Amino acid sequence: MKQNDWQKAYNPPPEKLYNTVNHTLAGLPAQKPRRPMLLRVPVIALAALLALCGVAYALFQSQTAELFGWFYGDGKKAELLSGDIAPVGQSCQLGDVIYTFDDAIYQDGTVYGTGTMRAADGANLVLIAEDYGIHEPAGYALRYDGGEAIPDGAPSYAGLAEQKGAKIVLARCVANGVVNPDGSLNADCIGYSQLPQADGSIKFMFEFAGGSPDDPAMTLERSDSYDVSLHIANWEVNQYGEWLREEPNDTWLTYDWVVTVAPVIEEE
């Protein structure tokens, strides 16, 4: 299939409509107090993001600063590198998906973070990101300007799953916020995005400012540690692109994963 043919891959249109409706319904306040906002920013040079994968550094280098710098430019990267950087590297397995929280940064009342979602060893599945269709080419961040050229013959998620005899699983990671000592959440204006990778994994990124709809004066103060809550979830997607998350359903897994992050704060 030629690259320009992907624009016609949604015929017939009901699948796209179905996914759009599902995506909207997923945002209704059933499980979470408010709908996070997808990060949607025009970007350039997707290769700069892919270069982050599989590169070893002698010293710790913040993936969060790199990824947000890719989104917003070198100015944002420099700003985050001046913040409180917390190496994390913790992982959590939910079903057949492993979530790894790479690192986080606190900067002027806002927390930024990045990580990776990948299939567990031995799991025969194809991961798909939220807001992507099963007939789109697998492993490409298609929602951003300046992305990679899609080679002729690139398999779709559905085609790849058929080749492997695998199931398609949608994986998601969204920040809930910082957990206050009383158990409430300190977060407002939550944003997130997910970027499919060529190796089948998905990069996730999030940001949120401190605050609460019930307490507009609430802020997120600088601290030597934070308990960050991440809402992780995954569920199967069938051959029609339908999300299999009707209850009761053992393919729809969710978990609020709390990770303590401790920034490396240099003494002034």
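Whatever comes next refers back to the structure up there.
Residues numbered from 1 in each chain as written. Predicted model: local features only at pLDDT ≥ 70, side-chain atom pairs only at ≥ 80, totals over all residues. Heavy atoms only, no water.

Attention now goes to the overall build of the protein. Looking only at helices and strands, the protein features 5 helices and 11 strands. Here the protein holds 268 residues, and the buried ones make up 50% of them. By sequence separation, contacts in the protein at least 24 residues apart represent 66% of the contacts at least 6 residues apart. Counting every atom, the protein has about 13300 Å² of accessible surface; 52% of that belongs to carbon and sulfur. (Helix = DSSP H or I, 4+ residues; strand = E, 2+ residues; numbered from the N terminus. Buried < 20%, exposed > 50% of the residue type's maximum accessible area, 1.4 Å probe, protein only. Contact = heavy atoms within 4.5 Å. Areas by Shrake-Rupley, 256 points an atom, 1.4 Å probe, with all protein chains shown as cover.)

Along the chain, Thr 64 turns up in helix α3 (residues 63–72). For Thr 64, a relative accessible area of 0% corresponds to the buried category. In sequence terms Thr 64 and Ala 104 are 40 residues apart; their C-alpha atoms lie 6.5 Å from each other. Here Thr 64 is in contact with Leu 80, Asp 103, Ala 104, Ile 105, Tyr 112, Gly 113 and Thr 114, once residues within four sequence places are set aside. At 2.9 Å, the side chain of Thr 64 and the side chain of Asp 103 are in polar contact. (Polar contact = N/O pair within 3.5 Å; in protein donor to acceptor, adjacent residues only side chain to side chain.)

The subject of this paragraph is the side chain of Gln 194. As for its placement among the helices and strands, Gln 194 is situated in strand β8 (residues 188–196). Given the relative accessible area of 5%, Gln 194 is considered buried. Among the polar contacts made by the side chain of Gln 194, one reaches the main-chain amide nitrogen of Cys 173 at a distance of 3.4 Å.

The tally for this structure, following the rule as stated, stands at 9 aromatic pairs. With centroids separated by 5.5 Å and ring planes inclined at 20 degrees, the aromatic side chains of Tyr 106 and Tyr 226 adopt a geometry described as stacked. In this pair, Tyr 106 is assigned in strand β3 (residues 97–107) and Tyr 226 in strand β10 (residues 226–237), connecting sequence segments 120 residues apart. An identical accessibility class is assigned to Tyr 106 and Tyr 226; each is buried. With 5.3 Å between their ring centres and 55 degrees between their planes, Trp 235 and Trp 243 make a pair best called tilted. Taken as a pair, Trp 235 and Trp 243 share a single burial class, namely buried. Aromatic rings pair up to connect Phe 68, Trp 70, Phe 71, Tyr 72 and Tyr 112 into one cluster. The aromatic ring of Tyr 72 is capped on one face by Lys 76, whose charged end is 6.0 Å from the ring centroid. Here the basic side chain of Arg 245 rests over the ring of Trp 235, its NZ or CZ set 4.5 Å away from the ring centre. (Phe/Tyr/Trp six-rings, centres within 6.5 Å; stacked < 30°, edge-to-face > 60°. Lys NZ or Arg CZ within 6 Å of the ring centre and 35° of its normal.)

Under the defined criterion, the tally for this structure stands at 8 salt bridges. A salt bridge links Glu 79 to Lys 76; the nearest nitrogen and oxygen atoms lie 3.6 Å apart. In this pair, Glu 79 and Lys 76 both sit in helix α4 (residues 74–81), 3 residues apart, roughly one turn of the helix. A residue is classified by how much of its surface remains accessible, and Glu 79, at 32% relative accessible area, is partly exposed. Of the charged contacts in the structure, one is a salt bridge between Asp 121 and Arg 118, with a shortest N-O distance of 3.7 Å. (Salt bridge = Lys/Arg side-chain N within 4 Å of Asp/Glu carboxyl O.)

As a further point, take the pairing of strand β9 (residues 202–209). Burial within β9 is extensive, with 7 of its 8 residues counted as buried. In this sheet, β9 lies alongside strand β4 (residues 110–119) in antiparallel orientation, the contact comprising 8 bridges. From the neighbouring strand, Val 111 faces β9, where its bridge partner is Phe 208. Across 7 bridges, the pairing between β8 and β9 is antiparallel. The partner of Leu 195 across the bridge, within β9, is Lys 203. (Pairing = 2+ DSSP bridges.)

Turning our eyes to something else, we now look at the pairing of β10. The element β10 is largely enclosed, with a buried count of 10 among its 12 residues. The pairing of strand β6 (residues 167–179) with β10 spans 10 bridges and is classified as antiparallel. Across the sheet, the residue bridging to Arg 172 is Ala 233, located in β10.

Now for the nonpolar core. Counting residues in each nonpolar core, the largest one holds 66 residues, and the members touching the most others are Tyr 99, Phe 101, Phe 206 and Phe 208. Sorting elements by how many residues they give to this core places β6 first, with 8 residues. Residues within four places of Phe 208 in sequence aside, it is in contact with Gly 109, Thr 110, Val 111, Ala 175, Gly 177, Val 178, Asn 186, Ala 187, Asp 188, Cys 189, Ile 190 and Leu 220. (Core = buried A, V, L, I, M, F, W, Y, C linked by side-chain atoms within 4.5 Å.)

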